[in-house]
Structures are given as structure tokens and as C-alpha cells.
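The residues making up each chain are set out below.
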Amino acid sequence: MEVKLRIASSKAQVLLLLMATSTGSAQVASHAPVVIQAPSDPSVIFQPVGRPVVRVNGAVLTDRDLLREMFTIFPYARVHNGFPKPLEAGIRDGAMKMMIFEELVYQEAKRRNMTVPPADLARAKAEFRQQFASPQEYQRLLQAEFQGSEQLLRAKVERSLLIDKLLKLEVTDKAVVSVAEAKAYFDQHPAGFNLPESFSFQSISILPPPNATAAQLQEARKRADNALHQAKATKSHEEFGLLAEKLSEDDFRVMMGDHKPADRSKLPPPVVKALLAMQPGQVSDIIEFDASDYTILRLNVHIPAGMQKFETIKDVLRDQLTKKKNEQIRSALATKLSKKAKIEKA
């Protein structure tokens, strides 16, 4: 996993660098490097200057590190003209906690004398460099973020890989839930699997302004058609979710467009009609609601009424239980590492 963060240059072009390239993991974490464009109006996001915000056992973390973490939590701040005001404080708090946790994990990896194989480090650096459109763009980033030093970049990449390595050892590998464990949970909680007919789905909504003119409606429909074209090309829950974060204009965008399993009886008839006509993984055409909302749906799961069969849901259940166990183990690790740590807010 890696940190990507580009920071504002004196010319007002922002590069967000922090890449996440771990061996065997496609997830992106804030402690690794990747390239993210900043908002077209940089004033909507505070400009990092390298000011210390916290010290963790003497290691200084800056406002640049904090902004990287914030972009990791809400990567489409550029698209939405900054962080949503109702969520900004929570995003900042979550970013601060994650930043401290990752530094503690890194320090623990160093304490254990963990190392990164040279081949893995070389591959991670190469993947990071491929993010840039030209050598000149890469050099600008190197100058702005690492004082032009390849050694400093190498250290940042190595830090990211060490964090991944320790987290895999202490969290990811220990959080895997077996089929037998999932079956035991299923048998012990029968009430939780006797459900009404429901749908789990994602959405992308394009919303014209209130009392929209004909021209505004036409422009919104054009954006909806463009969103539909891109949505139809997605191949997974994650791809559709990232597109929802980028394009959708409703509140679900901050959750990858995800709607938790919804009782059929509580959904609007046009939504039910569209979902019934789809197979899991399919994307609907545009659904219009009174010419004021253009919505695209992706069906994840159609859950029939009644007692679920374990064989039908075992993969989803294992994934849910693994995520829950991962969070519990990660939280316990954070508590353990924090107990003897000296953490000072700047």
C-alpha cells in the first residue's frame, strides 16, 4: 500500500503524491505514493507548507502528511471542490489518527529489524514513476516533495512497504475467516439471515439545480449520458464505486454509491422495476425521477425473502466477517502500539 501525494507548487499546480504498492495487494493506502490532481481552485483546500502537526516518539509529521491522508479518505475532493463541509472535521480527525497509526506501525517494523527485498523496492519505485506523464513531471514532484533526492523518495517507498509488511503479518493474515468459521457464525445467528426481499445496490445520481431551465436539464442529461457510458464499462463493485465518488451528486457518493440492503417494500417503484430486471453486477439505464434526478444503478445482490442458504451467501459473509475481524485486530494493534508511545500534537 502506498502514499500518493502531490503538493502545491509555487506555480499553483498541485501534485498529490503517495503511493501504495505492496507485493500481493492492490489496495491503496495513504502511506504509499500515487498521483492525484488537486482542485481546479486550490483555495478550497488548505495549502501544506511542511508545518509540523504531530510528533510520534520524536518523529515529526507535517500538514503535508495530513493532507495526503485526507485525500486517501476522500480522494475526490478535487471533483467536489474540496472536502464536504459537514464531513471535513471528521475526515481531518480520521486522517490524523491514521497518520499516527501508520507511523507507529513503521517504527514497530524498524524495531523488529524488518527489511524490504531489493527487488520489491525496485518494483515499487518503478510503478510509482510510471504514474507520471513525462520525466519532467516526475522531476517536478521530486524537487517539490523530496528536495530532488532519489534517496529520500526511496526511503518513503521503503517506509510504505514496511508498513504493509507488518500489517500483513499482524492484521491481514490473522483476520482471514475460514468457511468453517463463517458457517458456525451462520448457525449461531439464524435471525440475522431470515430477511425480507431486499436489494444491495450502488447508485450514481446526476441532479439538475432546483427549478432548472430547459438548458440546465439538457446539460444534466448530457452529464448523465456520459456517466452511463462510463458506468457500463465498469467491471466491479470497486470500479463503479470509484466512479460514483467522482461523478455522483448525491450523499451516497462518499460511500462509493453504496446502499445497504434495502427492503423492497421501501424502495420507489421505478428502482424496484429496474433492479428486478438486472442480474448481480449489471448496470441499469438512466432512471428519471420527475425530470429532477437522473439515476444509474448497479445491482450487487438480490436477496429473496426467507431464510438464506449458507452456500449462497458464504463468500459475502466471509468477506463481512473478515472485514470486521480486520478492524478489531487493527484497533487492538493501534491500542497496543499507542500505550507506550509519546504523541505530541504540534
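Placed above this text is the structure.
Residues numbered from 1 in each chain as written. Predicted model: local features only at pLDDT ≥ 70, side-chain atom pairs only at ≥ 80, totals over all residues. Heavy atoms only, no water.

## Concerning the packing of helix α6 (residues 179-188) against helix α10 (residues 310-339)
Basically, it comes down to this: Between the N-to-C directions of two axes lies an angle of 0 to 180 degrees, each axis being a line fitted to C-alpha atoms and, for a helix, fitted only over the stretch in contact. Each helix is a run of DSSP H or I of at least 4 residues and each strand a run of E of at least 2, with the numbering of both proceeding from the N terminus. Roughly parallel means an angle under 35 degrees; roughly antiparallel means over 145; roughly perpendicular covers 65 to 115; every other angle is labelled oblique. By the convention used here, residues are in contact when the closest approach between their heavy atoms is within 4.5 Å. We call Asp, Glu, Lys and Arg charged. Ala, Val, Leu, Ile, Met, Phe, Trp, Tyr, Cys and Pro are nonpolar, and the rest, Gly among them, are polar.
Running from amino to carboxyl end, α6 crosses α10 at an angle of 100°, the nearest separation of the two axes being 9 Å. Taken together, the axes of α6 and α10 lie roughly perpendicular to each other. Note on element contacts: α10 touches α6 through Phe310, Ile313, Leu317, Arg318, Leu321 and Lys325, opposite Val179, Glu181, Ala182, Lys183, Tyr185 and Phe186. When its residues are assigned to classes, the contact of α6 with α10 shows eight nonpolar, no polar and four charged.

## Some remarks on the sheet that holds strand β10 (residues 294-303)
Quick note on the threshold: Strand pairing is assigned whenever DSSP identifies at least 2 bridges connecting the two strands.
In spatial order, the strands read β8-β7-β10-β9; together these four strands make up an open sheet with antiparallel pairing. Every other strand in the sheet has two partners, leaving β8 (258-263) and β9 (287-288) as the edge strands with one partner each. Relative to the sheet, helix α8 (residues 237-247) contacts β7 (198-206), β8 and β10, its axis offset from that of β7 by approximately 35°. Contacting β7, β9 and β10, helix α9 (residues 269-276) crosses the sheet at an angle of about 55° to β10.

## Some points on α9
How we decide: Partly exposed residues are those whose accessible area sits between 20% and 50% of the maximum for their type, while under 20% is buried and over 50% is exposed, using a 1.4 Å probe and protein chains only. For this quantity, the arc is that covered by the directions from the helix axis to the C-beta atoms.
Of the residues making up α9, those classed as buried are Val271, Val272, Ala274 and Leu275. Angularly, the buried residues of α9 cover 165° about the axis, an arc narrow enough to put them on a single face. The outward face of α9, more than 90 degrees from its buried face, is lined by the exposed residues Pro269 and Lys273.

## Observations concerning the environment of aspartate 250
Locating aspartate 250 in the fold gives a position in the loop between α8 and β8. According to the relative accessible area criterion, aspartate 250 is buried, its value standing at 13%. A sequence separation of 44 residues divides aspartate 250 from isoleucine 206, and the C-alpha atoms of the two residues are 7.6 Å apart. In this view, aspartate 250 contacts Ser203, Ser205 and Leu207; residues no more than four positions away in its chain are not counted.

## Details of the pairing of strand β5 (residues 59-62)
Of the strand pairs in this sheet, strand β4 (residues 52-56) and β5 are connected by four bridges, and their pairing is antiparallel. Each bridged residue has a counterpart across the sheet, and for valine 54 the counterpart in β5 is leucine 61. Between β4 and β5, which follow one another and run antiparallel, lie two residues, and asparagine 57 among them has a positive phi close to 50°.

## Some words on the pattern of salt bridges
As a reminder of what qualifies: Any Lys or Arg side-chain nitrogen found within 4 Å of a carboxyl oxygen on Asp or Glu counts as a salt bridge.
Under the criterion given, the structure shown has 24 salt bridges. Residues arginine 221 and aspartate 225 are paired through a salt bridge, measuring 3.1 Å at the closest nitrogen-oxygen approach. Here arginine 221 pairs with aspartate 225, and both are found in helix α7 (residues 214-232), just four residues apart, close to one helical turn. Its salt-bridge partner being lysine 342, residue glutamate 344 comes within 3.9 Å of it at the nearest N-O pair. Classification of glutamate 344 by relative accessible area gives partly exposed; the value is 33%. A cluster of three or more residues bridged by salt bridges with shared partners is formed by Glu108, Arg111, Arg112, Glu170 and Lys174.

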